[in-house]
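Here is how the chains run, residue by residue.
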Amino acid sequence: MVTKKDTQSPAPHVAADSHDMIRVHGARVNNLKDVSIEIPKRRLTVFTGVSGSGKSSLVFNTIAAESQRLINETYSAFLQGFMPTLARPEVDVLDGLTTVITVDQQRMGGDPRSTVGTATDANAMLRILFSRLGKPYIGPPSAYSFNTASVRASGGITVDRGAAKTKTVKATFNRTGGMCTRCEGRGAVSDIDLTQLYDDSKSLAEGAFTIPGWKSDSQWTVQVYAQSGFVDPDKPIREYTKKELWDFLYGEPVKVKVNGVNLTYEGLIPKIQKSFLSKDKAALQPHIRAFVERAVTFTTCPECDGTRLSEGARSSKIKRISIADACAMEIRDLAKWIRGLDEPSVAPLLAALQQTLDSFVEIGLGYLSLDRPSGTLSGGEAQRVKMIRHLGSSLTDVTYVFDEPTIGLHPHDIQRMNDLLLRLRDKGNTVLVVEHKPETIVIADHVVDLGPGAGTGGGTVCFEGTVDGLRAAGTITGRHFDDRAAVKETVRKSTGTLEIRGATTHNLQGVDVDIPLGVLTVVTGVAGSGKSSLVHGSIPAGEGVVSVDQGAIRGSRRSNPATYTGLLEPIRKAFAKANGVKPALFSANSEGACPSCNGAGVIYTDLGMMAGVATTCEDCEGKRFDASVLDYHFGGRDISEVLAMSVTEAEEFFGAGEARTPAAHAILGRLADVGLGYLSLGQPLTTLSGGERQRLKLATHMAEKGGVYVLDEPTAGLHLADVEQLLGLLDRLVDSGKSVIVVEHHQAVMAHADWIIDLGPGAGHDGGKIVFEGTPADLVAARSTLTGEHLAAYVGG
């Protein structure tokens, strides 16, 4: 029997209730300097600080990495052998961790077979739906998959049955796939322009080939064609018979004898495909890459019309809609169509598919289609696509980690993202967000500000507490938190125009626009309104246009700012000239490498399914070079000391005195211009933050000779204080006679523009139109668009 006294007695204290903090003590990952911090659970904590201050090192490389490592250790040693091995982060104590789900900015795979639908399981559910309801019935779900080829096989198979004798059994195998046989599920076919391969007015003996490296007199490949016996080497190619031309272009591989040596002859087209087209284009030498871009054209597959699907998959329909039609719809329209299907036999499937599609719309991606290649998504879009599977999750007490979730979002969409973050928190989860935008920082329950500077000047906690406390704090973030850029009173006059007529790329609706030259032009609009389609898809590429997009920069742990920017080349030459030796000695990836660690600076010990151990090489002490190389000096420094310098130190070192090297000084000046003066020249690219990589790419492109610079969201990953420096850089580019076109959502950049082109009014088929052209002051005064309203509120605040 329960008495009144029993019901009113306080609940006993349970030890589990005391674990309400994630405790980090002595974190030293990357540039963190013995960071100790307590993060409240079931709250929204935002990590702020300048780019490179250590935010990602603390949140991703320490907290999230250790949580993942501990989860992996719960599996058997056998399973761990198949998992990526994770080393324990350099930290003394990590306590109170929960399961971490990371939603980062890593671009989704650029594989041509990967689409928004395949990346989110929406395609898998659609395939099942069509295999159940589609008329006519063509087969199981694989029959609707553009990644599955049809396979038929029959013959004898050998079966061993215990002690019984081996028996041969006749068997058949049949699998129906939905892959288009012409383009093999890619949606596009490559055509080779034969005029770029040879001059048909010449014979092989006269040097008909125009392929780089193919010389008629000595090149073995050319001699194989000339002496194969399939064609007459002295006859002009245009005079070949049909059989000769077929053998020359498409001949099957066959052994031939050339100058007494057995070699393989095959047609020119398959030879070119194997030699050039099967390789990563980015890895080719510049002159070879230029040849491939000239010789190969990609066109929509004529058989499947770009849908990637076989005729059978396209013929099966539900209410006159095929799976190709469904994938081509904007997701918000597809969601309406799915809602109209009422079939009790597949009700659970329809409900799950409906929830996934509604999540797309809710997160602001309703303008995408499921057949959109995932490699074409921006960093912000890719991050939001990854969020979709977590929105309807019933899991609680999970730690969600987000890396700048507002990247690529118009100010109008940021409130929607804030609501999603708060909803995840309110379900009882811990939400950790790395962020620069004040609009998102302001919703935090707890703020951790790292700094005070970047690189070696950062890595300490400058402030912990509430948003109001941050405002009052003297940190860089606190001082700049309420900064507002003023609209320009006087704008520059254009020196000409770049005409775009009838632009129809993606969702553009026959756009005609004159982009002014000689000024700073900012292209704005909500996500999906057609900004990148206009700037990257419609501005004629060619001489004079330097485009800096959001693509990830390539680089391994052996790559560093010196190698990526080309800075190492003049440095190596300067060292070689001063010491009378080869330049290759001064490369840790070539002859100068330490023989013990092969120039890595560390020695990796593989421990099977356990995390490998990296120890500093004892012979070179982490300097990466052979001891004999370090005996050579230039300006009183050896090569390892130069690579240990910061950009600022190196700029001074190579700018004057006996170490003066103009080519190196020019590159270092560009790195300093974009605010990377604190980076060391030899710092691995893998340790750079997203904002640092973006600016490194910008510095590299600034070296290109061009009159028009096209920048796609250059403020991505930049702190409030760094945006001011970026604006100064853009001004210097324009004042030097360049035309700068920027796709941007940041209001400070809009306010600083000379001319604004606003696209909209909405996203997808609701966008693709010019809704405003003019100065920022006119946009604020008119308030006629979403961008105008938000810009007016920004400068008024």
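As the structure is a prediction and not an experimental result, all values here were calculated from the model.

Topic: the pattern of salt bridges
(1) Moving on: Taken as a whole and assessed by the stated rule, the structure comprises 31 salt bridges.
(2) Moving on: Between Arg69 and Glu73 there is a salt bridge, with the nearest N and O atoms lying 2.8 Å from each other.
(3) Moving on: Of the charged contacts, one joins Asp754 and Lys488 as a salt bridge, the two residues approaching to 2.9 Å between their closest N and O atoms. Here the residue Asp754 occupies a position in the loop between α27 (747-752) and β26 (755-760), and Lys488 occupies one in the loop between α18 (476-480) and β18 (496-503), the gap between them amounting to 266 residues.

Looking at unusual backbone geometry
(1) Moving on: Omega for the bond connecting Lys135 with Pro136 falls within 30 degrees of zero, at -5°, which places this linkage in the cis form.
(2) Moving on: Looking at the element boundaries, Pro136 is found in the loop between α5 (122-133) and β6 (151-159).
(3) Moving on: With an omega of 0°, the peptide bond running from Gly451 to Pro452 counts as cis.
(4) Moving on: Mapped onto the secondary structure, Pro452 falls in the loop between β16 (446-451) and β17 (460-465).
(5) Moving on: For Arg42, which is not glycine, the phi dihedral falls at a positive 55°.
(6) Moving on: The topology assignment puts Arg42 in the loop between β2 (35-40) and β3 (44-48).
(7) Moving on: Unlike most non-glycine residues, Arg783 shows phi in positive territory, near 45°.
(8) Moving on: Mapped onto the secondary structure, Arg783 falls in the loop between α28 (776-782) and α29 (786-796).
(9) Moving on: Classification of Arg783 by relative accessible area gives partly exposed; the value is 48%.

Examining the environment of Val261
(1) Moving on: Looking at the element boundaries, Val261 is found in strand β10 (residues 261-265).
(2) Moving on: A relative accessible area of 35% means that Val261 is categorised as partly exposed.
(3) Moving on: Excluding residues that lie within four positions of it along the chain, Val261 makes contacts with Trp220 and Val256.

Some thoughts on the sheet that holds strand β4 (residues 93-95)
(1) Moving on: Pairing is antiparallel across the open sheet formed by three strands, whose spatial order is β2-β1-β4. Single-partner strands in this sheet number two, and they are β2 and β4. Across this sheet, the average inter-strand angle for adjacent strands is 10°, counted without regard to direction.
(2) Moving on: As paired strands, strand β1 (residues 21-27) and β4 are joined by three bridges and run antiparallel to one another. Across the sheet, Val24 pairs through a bridge with Leu94, a residue of β4.

A few points about the nonpolar core
(1) Moving on: Ranked by internal contacts, the top residues of the largest apolar core, which has 70 residues, are Leu126, Leu129, Leu334, Trp337, Ile338 and Phe402.
(2) Moving on: Per element, the largest residue contribution to this core is six residues, and it comes from α5.
(3) Moving on: Aside from chain neighbours lying at most four places away, what touches Leu126 is Ile323, Ala326, Cys327, Leu334, Ile338, Leu353 and Leu370.

Examining the environment of Lys242
(1) Moving on: Its place among the elements puts Lys242 in helix α7 (residues 242-250).
(2) Moving on: With relative accessibility at 79%, the residue Lys242 sits in the exposed group.
(3) Moving on: Each C-alpha atom of the pair Lys242 and Leu365 lies 53 Å from the other, and the pair is 123 residues apart in sequence.

Parameters and conventions
- Residues numbered from 1 in each chain as written.
- Predicted model: local features only at pLDDT ≥ 70, side-chain atom pairs only at ≥ 80, totals over all residues.
- Heavy atoms only, no water.
- Salt bridge = Lys/Arg side-chain N within 4 Å of Asp/Glu carboxyl O.
- Helix = DSSP H or I, 4+ residues; strand = E, 2+ residues; numbered from the N terminus.
- Buried < 20%, exposed > 50% of the residue type's maximum accessible area, 1.4 Å probe, protein only.
- Contact = heavy atoms within 4.5 Å.
- Pairing = 2+ DSSP bridges.
- Axes fitted to C-alpha atoms, helices over the stretch in contact; angles between N-to-C directions.
- Core = buried A, V, L, I, M, F, W, Y, C linked by side-chain atoms within 4.5 Å.

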